[in-house]
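Structural characterization, general
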Amino acid sequence: MDWQRLSPPQRDAYTAARQRHSGQQWWLLFSGIVAGNGSGRPVDPAEAQRIADAFTQPYRYAAVTSAGFYDDAGFCGQCDAPYCYHHWNVSSTGYGRCPRGHGRSLDPHWWPDGL
């Protein structure tokens, strides 16, 4: 996390969240393609290890999915490749298509267009 880039309210929210879980060694901050986990959340050592293992090179979709991120960290399963926000064609609802046209929800609160 780049503390200097956070606004004062973001710093306050992060500090308050950490204080609520003062004994926690590991803290997960996640910024996804469309959404993130805000001020973060505590993780136990086993989960921290599972996430670290999921992002061991070479990066592969099958391994990354074991981290449990709702957007699979921007990976397209059919391409077995990660894409950033600029390469996902994301709709206003958070549904995206990779550069090859494969579709998936990239937002945990996704709702289909037109409903």
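Residues numbered from 1 in each chain as written. Predicted model: local features only at pLDDT ≥ 70, side-chain atom pairs only at ≥ 80, totals over all residues. Heavy atoms only, no water.

Some words on the packing of aromatic side chains
Definition in use: Only Phe, Tyr and Trp rings take part, Trp by its six-membered ring, and two of them pair if their centres are within 6.5 Å. Stacked means planes under 30 degrees apart, edge-to-face means over 60, and tilted covers everything else. Secondary structure follows DSSP: runs of H or I at least 4 residues long count as helices, runs of E at least 2 residues long count as strands, and numbering of each begins at the N terminus. Working definition: with a 1.4 Å probe on protein chains only, accessible area under 20% of the residue-type maximum means buried, over 50% means exposed, and in between means partly exposed.
Taken as a whole and assessed by the stated rule, the structure comprises four aromatic pairs. For the pair Phe30 and Phe69, a centre-to-centre distance of 4.3 Å together with 5° between the ring planes defines the contact as stacked. Here Phe30, found in the loop between strand S1 (26–28) and strand S2 (41–43), pairs with Phe69, found in the loop between helix H3 (61–64) and strand S3 (75–76); they are 39 residues apart in sequence, far enough to count as distant. The burial state of Phe30 is the same as that of Phe69; both residues are buried. An aromatic cluster is defined as three or more aromatic residues linked by ring pairs; in this entry it consists of Phe30, Phe55, Phe69 and Tyr70.

A few points about the pattern of salt bridges
To keep it simple, the criterion reads: Only one rule defines a salt bridge in this text: a Lys or Arg side-chain nitrogen within 4 Å of an Asp or Glu carboxyl oxygen.
Evaluated as defined, the whole model comprises four salt bridges. Between Arg50 and Glu47 there is a salt bridge, and its shortest N-O distance comes to 3.5 Å. One end of the pair is Arg50 and the other is Glu47, both in helix H2 (residues 45–54) and three residues apart, which spans about a single turn. Given the relative accessible area of 33%, Arg50 is considered partly exposed. Note that Arg60 and Asp80 form a salt bridge whose closest N and O atoms lie 3.8 Å from each other. Placement of the pair is Arg60 in the loop between H2 and H3 and Asp80 in the loop between S3 and strand S4 (81–82), with a sequence separation of 20 residues. Look at Asp80 and you get partly exposed, because its relative accessible area is 31%. Within this structure, Arg41, Glu47 and Arg50 form a network of salt bridges that share partners.

Points about the sheet that holds strand S5 (residues 89–90)
Note the following rule: In this scheme, strands are said to pair when DSSP sees at least two bridges between them.
In space, the three strands of this open sheet follow the order S5-S6-S7, with antiparallel pairing throughout. Looking at which strands have only one partner, the edges of the open sheet turn out to be S5 and strand S7 (103–105).

Things to note about H2
Just so we agree on the cut-off: Summarising the geometry, the arc corresponds to the directions from the helix axis toward the C-beta atoms. By definition in these notes, contact holds between two residues if any of their heavy atoms fall within 4.5 Å. Polar contact criterion, stated in full: a pair of N or O atoms within 3.5 Å, where within protein one must be able to donate a hydrogen and the other to accept it, and residues adjacent in sequence count only if both atoms are side-chain atoms.
Listing the buried residues of H2 in full gives Glu47, Ala48, Ile51 and Ala54. The arc enclosing the buried residues of H2, seen along the axis, measures out at 125°, which places them on a common side. Among the exposed residues of H2, those pointing more than 90 degrees away from its buried face are Pro45 and Ala46. Each element contacted by the buried residues of H2 is listed here: S1, S2 and H3. Capping the start of H2 is the job of one residue whose side-chain oxygen sits 3.1 Å from the backbone nitrogen of Ala46: Asp44.

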